[in-house]
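So the chains spell out like this:
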Amino acid sequence: MKLMQLADACICCGGHDLASSPAVLMPFVASRALGQEPLEITAEWGLRDLRPGMAYTLCHSLQCRACGALFLDYRFTPAQMAALYEGYRGPAYTQQRERFEPGYAATVAQDYTRRHAYIAEVEAWLAPRLPERPLILDWGGGDGSNTPFLGRARVQVHDISGAALAEGAERADPHATPDHDLLVCTQVLEHVADPLAVLQELLPLMAPHTLLYLEVPHEALVRQHPPGTDLTPRKRHWHEHVNFFTENSLRRLAARTGLCVADTLRLPFDNGARQGEVLSLLLTKENP
Ligand SMILES: [Zn+2]
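Notes on the structure in this doc start here. This one's a predicted model, so the numbers in the text were calculated from it and none came from an experiment. (Residues numbered from 1 in each chain as written. Predicted model: local features only at pLDDT ≥ 70, side-chain atom pairs only at ≥ 80, totals over all residues. Heavy atoms only, no water.)

1. Concerning the packing of helix 1 (residues 27-34) against helix 2 (residues 78-85)
Piece 1. Across the interface, helix 1 lies against helix 2 with an axial gap of 7 Å and an inter-helix angle of 125°. In this view, helix 1 runs oblique relative to helix 2, as classed from their interaxial angle. Both helix 1 and helix 2 take part in a crossing whose hand is right-handed. Between helix 1, through Val29, Arg32, Ala33 and Leu34, and helix 2, the contact on the second element is made entirely by Gln80, Ala83, Leu84 and Tyr85.
Piece 2. Its residues assigned to classes, the contact of helix 1 with helix 2 comprises six nonpolar, one polar and one charged. (Axes fitted to C-alpha atoms, helices over the stretch in contact; angles between N-to-C directions. Helix = DSSP H or I, 4+ residues; strand = E, 2+ residues; numbered from the N terminus. Parallel < 35°, antiparallel > 145°, perpendicular 65-115°, else oblique. Left-handed = near helix turned anticlockwise from the far one by under 90°. Contact = heavy atoms within 4.5 Å. Nonpolar A, V, L, I, M, F, W, Y, C, P; charged D, E, K, R; others polar.)

Shown next, in the form of structure tokens:
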């Protein structure tokens, strides 16, 4: 049995100089991943040393003082990750989440059912570096509906969910020799227990000419404070994004795999329901 670990080093640069503050794991995640439910402590318990109130799953916010990465101390096991993401955003998932987060189905969930508008800007940024009709592999791309160049390129998708693929996307052959022009990994690293392991998994999928487009959310908390600010006392709750990246932390992470940074992108978006910014690196195997 693989046991859940608590991070004792930076998930990006491996550094050990970490700031720490207590926080709570949001009940939906605690329920899905750990099987825990909030618990009300009442006077009827008759316990002298506990104050009545709600008990939630305690955790810690950790931040690396070297690279700025901010992350949850819990590092979920593969089984816990599978439990958390089973049927992701499907009917049962949405119903369970609605129980803990009333209004989820009506607002947030709707936002994920259509292609994000900012992807057109990502395509415009990438296109000059790619052939006319590139071969693309989207790693962790869900059903492929948000894969850049869908409908304008040959798009292959690898995803553990096994979701039915969007029109124009095909299932990737895991045994094929890598020859993609572009490898895409978007909105994945903020969810995973070990971002370095995910990047290392991508390396054998890259041919010498393959570009890797790596995209994560540039979280508001990170954007709105100057580098060097201790964000741990301001990060009081954790949800499905368990890793908040700074540009520096993402660069340090990439450097540990030997990949070279060809370019960076910060792209604000506003789709009405949600405003935010994505932070992306374009990576190559050889120095550009
Ligand atoms: Zn670090």
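2. Focus: the coordination of the zinc ion
Piece 1. Ligation of the zinc ion by protein atoms is provided by Cys10 (SG), Cys13 (SG), Cys64 (SG) and Cys67 (SG), these donors lying 2.3 Å from the ion.
Piece 2. One can describe the site at the zinc ion as tetrahedral: its four donor atoms subtend angles covering 101 to 121° at the metal.
Piece 3. All donor residues of the zinc ion come from one chain, and their arrangement in sequence is C-x2-C-x50-C-x2-C.
Piece 4. Overall, Cys10 belongs to the buried group, its relative accessible area being 4%.
Piece 5. Accessibility expressed as a relative area gives 16% for Cys13, which makes it buried. (Donors = N, O, S within 2.8 Å, 3.2 Å for Na, K, Ca; no water. Tetrahedral: all angles 85-135°; square planar, octahedral: opposite > 155°, others 65-115°. Buried < 20%, exposed > 50% of the residue type's maximum accessible area, 1.4 Å probe, protein only.)

3. Here's the deal with the pattern of salt bridges
Piece 1. Across all of its chains, the model carries twelve salt bridges by this definition.
Piece 2. Of the charged contacts in the structure, one is a salt bridge between Asp263 and Arg129, with a shortest N-O distance of 3.0 Å. Of the two residues, Asp263 is situated in strand 15 (residues 260-270) and Arg129 in the loop between helix 5 (119-126) and strand 8 (135-139); the sequence distance between them amounts to 134 residues.
Piece 3. A relative accessible area of 26% places Asp263 in the partly exposed class.
Piece 4. By relative accessible area, Arg129 is classed as partly exposed at 34%.
Piece 5. Residue Glu247 is joined to Arg251 by a salt bridge in which the shortest nitrogen-to-oxygen separation is 3.0 Å. Placement of both Glu247 and Arg251 in helix 8 (residues 247-257) is noted, with a separation of four residues, approximately one turn of the helix.
Piece 6. Bridged by salt links that share partners, the residues Arg89, Arg97, Glu101 and Glu240 form one connected network. (Salt bridge = Lys/Arg side-chain N within 4 Å of Asp/Glu carboxyl O.)

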